[in-house]
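Observations on the model geometry
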Amino acid sequence: MKIAVMSCIHGNYEALDAVLLDIDQQKAEKIFCLGDLVGYGPYPNAVVTQIRSLDIPTCAGCWDEDIVEGLNSCECSYPSLLAEKRGKLAHEWTHQELHSENRDFLAQLPHGLNLDNLVFFHGSPQSNHEYLLPELDAFAALERVISADADVLFCGHTHVPYIRNLEAGSLQVWVEGVGIDSKEIKFSAPLKRIINVGSVGEPRHGRPNATYVIYDTDTQEVSLREVPYNYQKTCAAIIEKGLPAIFAWRLAQGLEYAERADDPTHVCTR
């Protein structure tokens, strides 16, 4: 069957509405959401309410986790004082804006989801805050998929979509050391894949269009979908509601924005 997988909506209802319409036109039979329903954007309640009303299987994102458990629950630092100020403002605004029933919904979201040989996580099987970047060491990337006991791992969090094929073949591991018997382990692993679905509500691939993925479970065909929408309306609402204006700028550009770190040793790498 054809499934749709989306992530990182970030309170952007206009983008979500456009993506849901495109999913319907693609005739996807099931939708999965990889979290970060809130944060940055001006419509957190509308987004959560829509996901709830459609009963879309959803796993927790790092923003969802932070809203429930407290700011920066991963104990990571911001790259600069200005970024920290903006992050705290957005967190406090979202915390005050979110209705109790929607907060309760975020609180019960699972860390991951699965469908046969497919698994779905916001960041990685290890953490909502881990970035599975396309340049991640191949062995580490393969380990993430194998650790989830899957052939295909869907993720988000980076806001940049990509498909990575990991052809493991036959692996050999030798264990040697003082006081232990040498051991050789051999195992074979079929083709594994990491599919990053990008971001519906705050894309960072250089264009403002929302992104998500259509995956055919029969043919294993992957379609990275890019959907235009009225991002200007969301940008105007960001300003109107008193959220940092830079959020509107980066949404319109489809780019991340961060100042040089005050102390690079404290930048979040999870």
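Here, the structure is the one placed above.
Let me begin by describing the structure that accompanies this report. On a predicted model such as this, the values are computed, not experimentally measured, just so you know.

Section: the packing of helix α7 (residues 231–240) against helix α8 (residues 245–253)
At a minimum axis separation of 8 Å, α7 and α8 run at an interaxial angle of 170°. Here α7 lies roughly antiparallel to α8, going by the angle between them. Contacts between α7 and α8 involve Tyr231, Thr234, Cys235, Ile238 and Ile239 from the first element and Ala245, Phe247, Ala248, Leu251 and Ala252 from the second. Looking at the contact of α7 with α8, its residues break down into 9 nonpolar, 1 polar and no charged.

A word on the sheet that holds strand β1 (residues 2–6)
Backbone hydrogen bonds hold the strands of a sheet together, and the pairing may be parallel or antiparallel. Sheet architecture is open: 4 strands sit in the order β2-β1-β10-β11, paired in mixed fashion. Edge positions in the sheet fall to β2 (30–33) and β11 (222–227), since each has one partner strand and no second. Taking each pair of neighbouring strands and ignoring which way they run, the sheet shows an average axis angle of 25°. Bridge analysis of β1 against strand β10 (residues 210–216) gives 4 bridges, and the strand direction is antiparallel. Looking at β10, one finds that lysine 2 is bridged to aspartate 216. Of the strands in this sheet, β1, β2, β10 and β11 are in contact with helix α1 (residues 13–25), which crosses β10 at around 25°.

What to know about the environment of glycine 35
For glycine 35, the location among the structural elements is in the loop between β2 and α2 (44–53). For glycine 35, a relative accessible area of 0% gives the class buried. Along the primary structure glycine 35 and tryptophan 63 are separated by 28 residues, whereas in three dimensions their C-alpha atoms are 8.1 Å apart. Not counting the four nearest positions on each side in its chain, glycine 35 is found in contact with Ser7, Cys8, Ile9, Thr58, Cys59, Ala60, Gly61, Asp64 and His122.

A few points about the packing of aromatic side chains
Under the defined criterion, the tally for this structure stands at 6 aromatic pairs. Their ring planes at 10° and their centres at 4.2 Å tell us that phenylalanine 32 and phenylalanine 120 sit as a pair that is stacked. Of this pair, phenylalanine 32 sits in strand β2 while phenylalanine 120 sits in strand β4 (residues 118–121), and the two are 88 residues apart along the sequence. Summarising the burial analysis for this pair, phenylalanine 32 and phenylalanine 120 share the class buried. Their ring planes at 85° and their centres at 5.2 Å tell us that tyrosine 40 and phenylalanine 247 sit as a pair that is edge-to-face. Pair noted here: tyrosine 40 is in the loop between β2 and α2 and phenylalanine 247 is in helix α8, with a separation of 207 residues, a long-range link. Grouped by ring-pair contacts, the aromatic residues Phe32, Phe120, Phe154 and Tyr215 constitute a single cluster. Looking at arginine 250, its charged tip hangs above the ring of tyrosine 40, at a distance of 4.5 Å from the centre.

Cut-offs applied
Residues numbered from 1 in each chain as written. Predicted model: local features only at pLDDT ≥ 70, side-chain atom pairs only at ≥ 80, totals over all residues. Heavy atoms only, no water. Axes fitted to C-alpha atoms, helices over the stretch in contact; angles between N-to-C directions. Helix = DSSP H or I, 4+ residues; strand = E, 2+ residues; numbered from the N terminus. Parallel < 35°, antiparallel > 145°, perpendicular 65-115°, else oblique. Contact = heavy atoms within 4.5 Å. Nonpolar A, V, L, I, M, F, W, Y, C, P; charged D, E, K, R; others polar. Pairing = 2+ DSSP bridges. Buried < 20%, exposed > 50% of the residue type's maximum accessible area, 1.4 Å probe, protein only. Phe/Tyr/Trp six-rings, centres within 6.5 Å; stacked < 30°, edge-to-face > 60°. Lys NZ or Arg CZ within 6 Å of the ring centre and 35° of its normal.

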